[in-house]
Amino acid sequence: MELDECLERLYKAQLLPEVTVRALCFKLKEMLVKESNVIHIQTPVTVVGDMHGQFHDMLEIFQIGGPVPDTNYLFLGDYVDRGLYSVETIMLLIVLKLRYPSRIHLLRGNHESRQITQSYGFYTECLNKYGGNSRVWQYLTDIFDYLVLCCIIDDEIFCVHGGLSPNVQTIDQIKIIDRFREIPHDGAMADLVWSDPEENNNPTLDHPDNSGQHFQVSPRGAGYTFGRSVVEKFLRMNDMNRIYRAHQLCNEGYQIYFDGLVTTVWSAPNYCYRCGNKASILELYSKDQFYFNVFEEAPENKLLKENSMNDNALEDSISNPVANRKLIADYFEDDSASADGSTDPEMYIFSDVYQARSASNRHVDYFL
Amino acid sequence: MSKRNTPPLRSSGINTIQINAAREMHAQTVRARRMPMPTSGITTPSVQPTAAPATPPRHICNNPNNPQCLHCGSVIIPSPRATLPLEDNPSISINDWTISSRKKPILNSQELDIWENEKLKGLTLPEMIFGNNYIRIENSKQHWSIEFNALDALKEVQLQDSGIRVAYSNDWINSKKRQNSTNGAQRFTNDVNDDSLNIIHKYDWTYTTRYKGTESSPESKFRLDNDQKLPLDKLAVHDKILFYDDMILFEDELADNGISILNVKIRVMNERLLLLSRFFLRVDDVLVRVYDTRIYVEFDENVVIRESKEFEGKYQDVLAKHRLSQSHDPKAALRDSNWVAQNTPMIKRQCEIIQF
């Protein structure tokens, strides 16, 4: 199957056959194995944060940011889990990478892992969409091992999914990591995809020497938070001026730390289809000119939300891709019907008739 | 995160929020314009209830956006959030009782700053706080109400170490200590020393809360009575649900090490209501915990029963029960708090009652 044909199907949220998925993953593996752990790219580029399987929101990103290959993209990881369309999301990105290898770049996030995807939904979604076996999940988690870890833009901007590591002082130390493996629990590779910045403007009695600006252990007992001083040190040693990362939900789409030395980009609007948060993509025009393009959820997701008010219904939706597709088709059919000029008073969503009908369709649960 | 300032946006590019808002407003206007046009051949089907109601409906719908209940023919569920700044606070009244609810998105940065620095000082806030959500059950005659909201639930979270660690914590800490020993001679190059391996933040990162609702009276009117039981036989009957809502108060993904979520839902029938507030905690490969609080109200007898149950078990013990079912996807069940509650030992139960 040709790549352009794959793209055509994927843009319509149609699944590719299992044999095609296998072939595409094999091809991408061949391509990625030659890439360094650290890739270097130039502006202009648009940086995208976590997607978490929200496929229609990713299409919305290509709408507002411009389609590939007209726009260069850098994705910071976490393509799967939690959303309803992780398979479609990662497959579209894989085919775009194969078709336009120098226009789109994919970093690895902490969810690109076998252990995490079994607990957070991607494994379940693969089983449900590919006939109850886990082969597609295996192909995709194998390709996750080949994704690159970091990206440097214009030799001055460091991009990574999570953050810094006490085991990484220089970029060369990242280049020698053996990345072709499952993400370990500790070490530099783990820290790069798991660590979080922590702002501490109020030195307290706990650490009056401002040690909060260094690496601290998370209260969960593993993993680091990093403070301003280690960021400044890392940037100084590597002659860079700032860091972009993802990994954490931002209610307005992005979050700035340490006066702009570190910025989180978050690109999943209305996260988990219920948070109501905004999302953003970072449009880098040059190393000094950039714009956070903030947006909300794609219209398709609003329709889904109305028919799936809670988690149980969402799980049912995953089990019924046919019903989902019919839902989307109905949505666009209504639009085309409107375009035909036919009048339908029930389309007015606040009319009593529409509300009565949709109310009877909404989920209620005789919970005990 | 004590600093959440949003800098002024640079002027390059188009702000798509405005585009989307304009898009929605235009679509709504076009649809509204079509409403009054007469159409031949289309008639509204007359509503024919299956049976005349034995008693006239006693409830009052207080819903600006929801359809009026016609012979109890519709379930009242809050409308989709309006694109205009129209407030939608659906509520229903039966006798002296009024039940109301509100659902909004998670707190924005300004709201989070206030909660972090004033209302919940000392607690690192969970990632998703639906701070404007609530469900309230009110009796106007008795001047009493009970409400479930996120702020009061989070006030019950302890500001001290829970002692719980993620599954790989021991291995992780020991690995770091070995590295420190190896690098002892080069300590000046290492940003981590032995002091840094001690956990400094003092709060319960699992956000465990035994929240049972907020009463309007300064002293609780509930009286302990563990012999009381919820009348499950009445609740099992599928009486028509007149009001239903289901919402999350807060949620945190524990940095992808599990989930901590407080969910509240309520269903109101003609003679009674049931509210379930459920705190669900899963620390992957460590433990699962479910704390349930149920509120039962019998409208005619003016009885309120509050039952609390605590379930807790080791992750592997609970997972083993699902493995027995030969499932291909055992961990999916641990995302379902209903399944977890049914397969986890109950460690505590308490029942309280109010008889007005």
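Not measured: the values here are computed from a predicted model. (Residues numbered from 1 in each chain as written. Chains lettered and ligands numbered in written order. Predicted model: local features only at pLDDT ≥ 70, side-chain atom pairs only at ≥ 80, totals over all residues. Heavy atoms only, no water.)

1. Considering the overall build of chain B
The criterion, for reference: Numbering of helices and strands runs from the N terminus; a helix is a DSSP stretch of H or I covering at least four residues, while a strand is a stretch of E covering at least two. Note on exposure labels: buried denotes an accessible area under 20% of the residue type's maximum, exposed denotes more than 50%, and partly exposed covers the range between, all computed with a 1.4 Å probe on protein chains only. What makes two residues a contact is simply this: any of their non-hydrogen atoms within 4.5 Å. Exposure was quantified through the Shrake-Rupley algorithm and a 1.4 Å probe, taking into account, for residues, occlusion by the shown protein chains and nothing else.
Each helix and strand in chain B was counted, giving 8 helices and 14 strands. The buried share of chain B, taken over its 356 residues, is 50%. For chain B, restricting intrachain contacts to residue pairs at least 6 apart in sequence, the fraction spanning at least 24 positions comes to 67%. Total accessible area on chain B stands at roughly 17600 Å², and carbon and sulfur atoms take up 50% of it.

2. Topic: the confidence of the model for chain A
Heads up, the rule is: The score called pLDDT rates the predictor's confidence residue by residue, from a low of 0 to a high of 100.
Taken residue by residue, chain A gives an average pLDDT of 81. The fraction at 70 or more is 79%. Contacts of residues 305-348 of chain A to residues separated by more than four positions or lying in other chains number 54 contacts, the stretch itself having pLDDT below 50.

3. Focus on the UniProt feature "binding site: Mn(2+) 2" in chain A
For clarity, the threshold we go by: UniProt positions are given in the numbering used here, feature names are shortened, and annotations may be inferred rather than shown by experiment. Each polar contact in these results corresponds to two N or O atoms within 3.5 Å; when the atoms are within protein, one needs to be able to donate a hydrogen and the other to accept it, and residues that are neighboring in sequence are counted only if both atoms are side-chain atoms.
The sites that UniProt annotates as "binding site: Mn(2+) 2" are D78, N110, H161 and H247 of chain A. A maximum C-alpha distance of 8.1 Å among these annotated residues, which run over 170 residues, shows that they cluster at one spot. Here D78 of chain A shows up in the loop between β3 (73-75) and α4 (86-99). Polar contacts involving the side chain of D78 of chain A include one to the main-chain amide nitrogen of N110 of chain A, which spans 3.3 Å. Looking at where H247 of chain A falls in the secondary structure, it is placed in the loop between β10 (242-245) and β11 (252-257). By relative accessible area, H247 of chain A is classed as buried at 8%. If we skip the residues at most four places from it in the chain, H247 of chain A touches D50, D78, N110, H161, G162, V193, W194, S195, D196 and W266 of chain A together with D256 of chain B. In this structure the side chain of H247 of chain A is engaged in a polar contact, spanning 3.2 Å, whose partner is the side chain of N110 of chain A.

4. Focus: the pairing of strand β9 (residues 243-252) of chain B
Residue and element names in this part refer to chain B. For the record, the criterion: We treat two strands as partners when DSSP finds at least two bridges between them.
The element β9 is extensively covered by neighbouring structure, given that 10 of its 10 residues are classed as buried. As judged from the 2 bridges shared by strand β4 (residues 128-129) and β9, these two strands associate in the antiparallel manner. Opposite I129, over in β9, you have F250 as the bridge partner. Sheet topology places β9 next to strand β10 (residues 258-268); 9 bridges connect them, and they run antiparallel. Its bridge partner being in β10, D252 is matched across the sheet by S260. In sequence, β9 turns back onto β10 through a hairpin of 5 residues, with L254 there showing a positive phi of about 50°.

5. Observations concerning helix α1 (residues 3-11) of chain A
Each α-helix turn comprises 3.6 residues. Residues three or four places apart therefore point the same way. All names here are of chain A. The line we're drawing: In this context, the arc is that of the directions from the helix axis out to the C-beta atoms.
For α1, the set of buried residues is C6, L7 and L10. Buried residues in α1, looked at end-on, bunch into an arc of 100°, giving them a common side. In the core, the buried residues of α1 are packed alongside α2 (18-32), α3 (55-65) and α4. One or two steps after α1, the chain reaches A13, where phi turns positive at roughly 60°.

6. Some thoughts on the pattern of salt bridges
Side-chain pairs of opposite charge can arise where the charged atoms are in close proximity. Residues and elements named next belong to chain A. Just so we agree on the cut-off: A side-chain nitrogen of Lys or Arg and a carboxyl oxygen of Asp or Glu constitute a salt bridge if their distance falls within 4 Å.
For the coordinates displayed, the defined rule picks out 31 salt bridges over all chains. E88 serves as the salt-bridge partner of K129, at 2.9 Å between the closest nitrogen and oxygen. On the criterion of sequence distance, the pair formed by K129 in helix α6 (residues 122-129) and E88 in helix α4 is long-range, its members being 41 residues apart. We note that K129, like E88, is buried. Here the salt bridges do not stand alone but share partners, grouping R108, R114, D142, D145 and E182 into one network.

7. Comments concerning the environment of W137 of chain A
All names here are of chain A. Inspection of the secondary structure puts W137 in helix α7 (residues 135-144). On the basis of relative accessible area, W137 is assigned to the buried category, the value being 8%. Distance from W137 to Q118, taken between C-alpha atoms, is 9.6 Å for residues 19 residues apart in sequence. Residue contacts for W137: discarding those within four places in its chain leaves R114, T117, Q118, F122, Y123 and C126. Of note is the side chain of W137, whose polar atom sits 3.0 Å from the side chain of T117.

8. A short note on the sheet that holds strand β9 (residues 224-226) of chain A
Residues and elements named next belong to chain A. The sheet built from 3 strands is open, its strands ordered β7-β9-β8 with mixed pairing. At either margin of the open sheet sits one strand with a lone partner, and together these are β7 (196-197) and β8 (216-217). Where β7 meets β9, 2 bridges bridge the pair, whose relative direction is parallel. Across the sheet, residue P197 finds its bridge partner in β9, namely F226.

9. Some thoughts on the sheet that holds strand β11 (residues 272-283) of chain B
Residue and element names in this part refer to chain B. Across the sheet, which stays open at both edges, the 8 strands sit in the order β4-β9-β10-β11-β12-β13-β14-β8 with antiparallel pairing between neighbours. Single-partner strands in this sheet number two, and they are β4 and β8 (223-224). Looking at chain direction, strand β13 (residues 303-314) and strand β14 (residues 346-355) are connected through 9 bridges and run antiparallel. Counted as the bridge partner of F311 is M346 from β14.

10. What to know about the UniProt feature "active site" in chain A
Within this structure's numbering, the places UniProt gives as "active site" are H111 of chain A. Within the fold, H111 of chain A resides in the loop between β4 (104-106) and α5 (114-120). Contact partners of H111 of chain A, with chain neighbours within four places excluded, come to H52, D78, V80, D81, R82, I116, T117 and Y120 of chain A together with D256 of chain B.

11. Quick word on the nonpolar core
A general trend in soluble globular proteins is that nonpolar side chains are found buried together. Stated precisely, the cut-off is as follows: To form a nonpolar core, buried Ala, Val, Leu, Ile, Met, Phe, Trp, Tyr and Cys residues must be joined to one another through side-chain atoms within 4.5 Å.
Membership of the largest hydrophobic core comes to 88 residues, with the highest contact counts inside it found for F158 and V231 of chain A together with I137 of chain B. For this core, the leading source of residues is helix α9 (residues 188-194) of chain A, giving 6 residues. Formed by 54 residues, the second largest nonpolar core is a distinct cluster that contains V68, M91, L106 and A279 of chain A.

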